[in-house]
Amino acid sequence: MNIHLETERLIIRDLTEQDLDGMFALDSDPEVHKYLGNKPIKHKDEALKYIKDVNTQYAERGIGRWAIEMKETGEFVGWCGLRLYTDYTFNNYTNFHDIGYRLRREFWGKGYATEASIACLEYAWNVMKLETVYGITEMGNEASHRVLLKIGLDYIEDFHYEPENMMLRWYRISKPE
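Asker: For this particular structure, what's the right way to read the overall build of the protein chain?
Answerer: Along its length, the protein chain carries 4 helices and 8 strands. Secondary structure elements of the protein chain, listed N to C terminal, follow the sequence β-β-α-α-β-β-β-α-β-α-β-β. Against the 2.2 N^0.38 benchmark of 16 Å for 177 residues, the protein chain shows a C-alpha radius of gyration of 15 Å, consistent with a compact globule. With the principal axes as the frame, the protein chain shows a C-alpha extent of 40 × 35 × 35 Å. Here the protein chain holds 177 residues, and 48% of them are scored as buried. Counted over contacts in the protein chain with a minimum sequence separation of 6, partners at least 24 positions apart contribute 59%. Accessible area of the protein chain: about 9200 Å², with a carbon and sulfur share of 47%. Seen as two clouds, the 22 positive and the 30 negative side-chain charges of the protein chain have centres 2 Å apart.

Put into structure tokens, the structure is as follows:
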């Protein structure tokens, strides 16, 4: 297991096939997918495909979403981190780093998304030496909107994402001086 970051309450590490049950619990929950196009998964092989896709991103792009686990218990919370988008275009942008997170419902409202995201931004600035990080939320996802604002991203504008026929919000943060 490759641990990248630790916070007061969390370990942030590579996503592995050992996370299959946690990923399935996360992505099969309709409430989790309410602002993700309403497409919860139905089979564990879909969760396994996501894990394998993320591991391919680690190999090809040097970055991908990371697993979040509780430091005290080792319980799978969800994922967070940076993704280099080279395969999709959002708001006329391709080849950009996006910060994101997805948590199992029982971990909502406890500050974990904020805590993990702050650590990931520090990694972006100090280890990856990025100059800019972007964020995306679906319109109406006020919880994620608040997290992105709380960690310092600026809301830029709303845009229509044609492939999924969704209205999304676009955010940006630049490396602090």
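What follows picks up the thread again.
Asker: Would you explain the nonpolar core in this entry?
Answerer: Inside soluble globular proteins, nonpolar side chains tend to come together where they are buried. Judged by nonpolar contacts, the single largest core of 44 residues is most densely connected at Ile-99 and Val-133. The element best represented in this core is helix α3 (residues 112-126), accounting for 9 residues. Within the second largest apolar cluster, 9 residues are counted, among which are Tyr-85, Phe-96, Phe-159 and Leu-168.

Asker: What should I look at first to understand α3 in this one?
Answerer: Helical geometry note: an α-helix holds 3.6 residues per turn, so side chains three or four residues apart project in the same direction. Helix length check: α3 (15 residues) gives 21 Å between terminal C-alpha atoms against 21 Å at 1.5 Å per residue, within 8%. Most of α3 is tucked away, with 12 of its 15 residues classed as buried. Buried within α3 we find Tyr-112, Ala-113, Thr-114, Glu-115, Ala-116, Ser-117, Ala-119, Cys-120, Leu-121, Tyr-123, Ala-124 and Trp-125.

Asker: Any chance you could explain the environment of His-43 here in plain terms?
Answerer: If you trace the backbone, His-43 turns up in the loop between α1 (20-27) and α2 (44-61). Remark: the alpha-carbon pair of His-43 and Glu-8, spanning 35 residues in sequence, is separated by 34 Å.

Conventions adopted
Here the residue index of a chain counts from 1 through its sequence in written order. This being a predicted model, a pLDDT of at least 70 is required before a residue's local features are given, and a value of 80 or more before pairs of side-chain atoms are given or counted; all residues contribute to the totals for chains, interfaces and linings. Just so you know, side-chain values use all the structure's heavy atoms and leave hydrogens and water out. Helix numbering and strand numbering both begin at the N terminus, where a helix is a DSSP run of H or I of at least 4 residues and a strand a DSSP run of E of at least 2. Taken over C-alpha atoms, the radius of gyration is set against a globule rule of 2.2 Å times the number of residues to the power 0.38. Burial status follows relative accessibility: with a 1.4 Å probe on protein chains alone, a residue under 20% of its type maximum counts as buried, one over 50% as exposed, and anything between as partly exposed. We call two residues in contact when some of their heavy atoms are within 4.5 Å. Here, Shrake-Rupley sampling with a 1.4 Å probe gives the accessible areas, and only protein chains in the shown set may cover a residue. Charged-residue counts in this description rest on Lys and Arg as positive and Asp and Glu as negative, His and the chain ends being excluded. Note on charges: their place is set at NZ of Lys, CZ of Arg, CG of Asp or CD of Glu. Think of a nonpolar core as a cluster: buried Ala, Val, Leu, Ile, Met, Phe, Trp, Tyr and Cys residues, connected wherever their side-chain atoms sit within 4.5 Å. A helix is expected to reach a length of 1.5 Å times the quantity of its residues less one.

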